[in-house]
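What follows is the residue order along each chain.
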Amino acid sequence: MVNPNVFDDPRITAVGLLFEVYAGLSARFAAQLEEHGLSPVEFEVLTRLSRSPDNQLRMTDLAAQTSLSTSGVTRVVDRMERDGLIARRACPSDRRSSHAMVTAAGLRRLDESLPGHLQLIEDWFTGQLEPAELSAMLDGLRRVRDAVHPCATAGSGGSTPANPGPSVFG
């Protein structure tokens, strides 16, 4: 029989709260992005590309940053390329690789969706915290992200496996 006190463990509470916050924010974000004809993954791809050097990433780095498989990111980029939001170009340093880059239409779509997205973030997330609380939380989230997702900074400029550089999300 499981010790009933184990369910009072703050580790379970921390992860449970994280999942609840993520689910609540994700639902609000998805509804707002749908108004602009974007899925959450398409918005993430556009955001990551537009925050990267020259608004582009190698496809393998985009896959690593989004936690999508290489075939998954290929399917998303194919769809977004058909919609004119992203273009592909050959990687000049590696013929086997290609870059995904945001098009002018992709940047316009992102510009249209960002004001509402930022307002949701302020209303339901960052605005709930005092500046010192937000700073401490960001520091903690970066440490956890770096531990569980070390490729989150792949291709974000000046990165190497030993020195991954900054993530497009900080």
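Here the structure is a predicted model, which is why all the values come from computation and not from measurement.

Asks: Run through the environment of Cys91, naming residues and quoting values.
Replies: Position of Cys91 relative to the elements: it lies in the loop between β2 (86-90) and β3 (98-102). Judged by its relative accessible area of 5%, Cys91 falls in the buried class. With 32 residues separating them in the primary sequence, Cys91 and Met59 have C-alpha atoms 9.6 Å apart. Ignoring sequence-local partners within four residues, the contact set of Cys91 consists of Arg58, Ser97, Ser98 and His99.

Asks: I'd love a proper account of the sheet that holds β2, names of residues and values included.
Replies: Here we have three strands laid out as an open sheet, ordered β1-β3-β2, and antiparallel in their pairing. The sheet terminates laterally at β1 (56-58) and β2, the two strands that pair on one side only. If you compare each strand with its neighbour and ignore which way they point, the axes differ by 25° on average. Where β2 and β3 come together, five bridges link them in antiparallel fashion. Bridging across to β3, Ala90 finds its partner in Ser98. Packing of helix α2 (residues 40-50) onto the sheet brings it into contact with β1, β2 and β3, and relative to β3 it is tilted by some 100°. Seen against the sheet, helix α3 (residues 59-66) touches β1, β2 and β3 and runs at an angle of roughly 95° to β1.

Asks: Lay out the packing of aromatic side chains in plain terms, naming residues and giving numbers.
Replies: In this structure the tally under the stated criterion is zero aromatic pairs. Directly above the ring of Trp124 sits Arg28, whose terminal nitrogen or CZ lies 3.8 Å from the centroid.

Asks: How would you explain the nonpolar core if you had to name every residue and give the values?
Replies: Ranked by internal contacts, the top residues of the largest apolar core, which has 19 residues, are Leu46, Leu49, Leu62 and Ile86. Of all the elements in the fold, those that place two or more residues in this core are α2, α3, α4 (70-82) and β3. Leave out the neighbours within four places in its chain, and Leu49 touches Asn55, Gln56, Leu57, Leu62, Ile86, Ala100, Met101 and Val102.

Asks: Describe the pattern of salt bridges, with residues and values.
Replies: A complete count under the given rule lists eight salt bridges for this structure. Of the charged contacts, one joins Arg88 and Glu81 as a salt bridge, the two residues approaching to 3.2 Å between their closest N and O atoms. Classification of Arg88 by relative accessible area gives partly exposed; the value is 27%. The residue Asp146 makes a salt bridge to Arg145 at a minimum N-O spacing of 2.6 Å. Residue classification places Asp146 among the partly exposed residues on the basis of a relative accessible area of 41%. The network of salt bridges with common partners includes Asp78, Glu81 and Arg88.

Basis of the calculations
Residues numbered from 1 in each chain as written. Predicted model: local features only at pLDDT ≥ 70, side-chain atom pairs only at ≥ 80, totals over all residues. Heavy atoms only, no water. Helix = DSSP H or I, 4+ residues; strand = E, 2+ residues; numbered from the N terminus. Buried < 20%, exposed > 50% of the residue type's maximum accessible area, 1.4 Å probe, protein only. Contact = heavy atoms within 4.5 Å. Pairing = 2+ DSSP bridges. Axes fitted to C-alpha atoms, helices over the stretch in contact; angles between N-to-C directions. Phe/Tyr/Trp six-rings, centres within 6.5 Å; stacked < 30°, edge-to-face > 60°. Lys NZ or Arg CZ within 6 Å of the ring centre and 35° of its normal. Core = buried A, V, L, I, M, F, W, Y, C linked by side-chain atoms within 4.5 Å. Salt bridge = Lys/Arg side-chain N within 4 Å of Asp/Glu carboxyl O.

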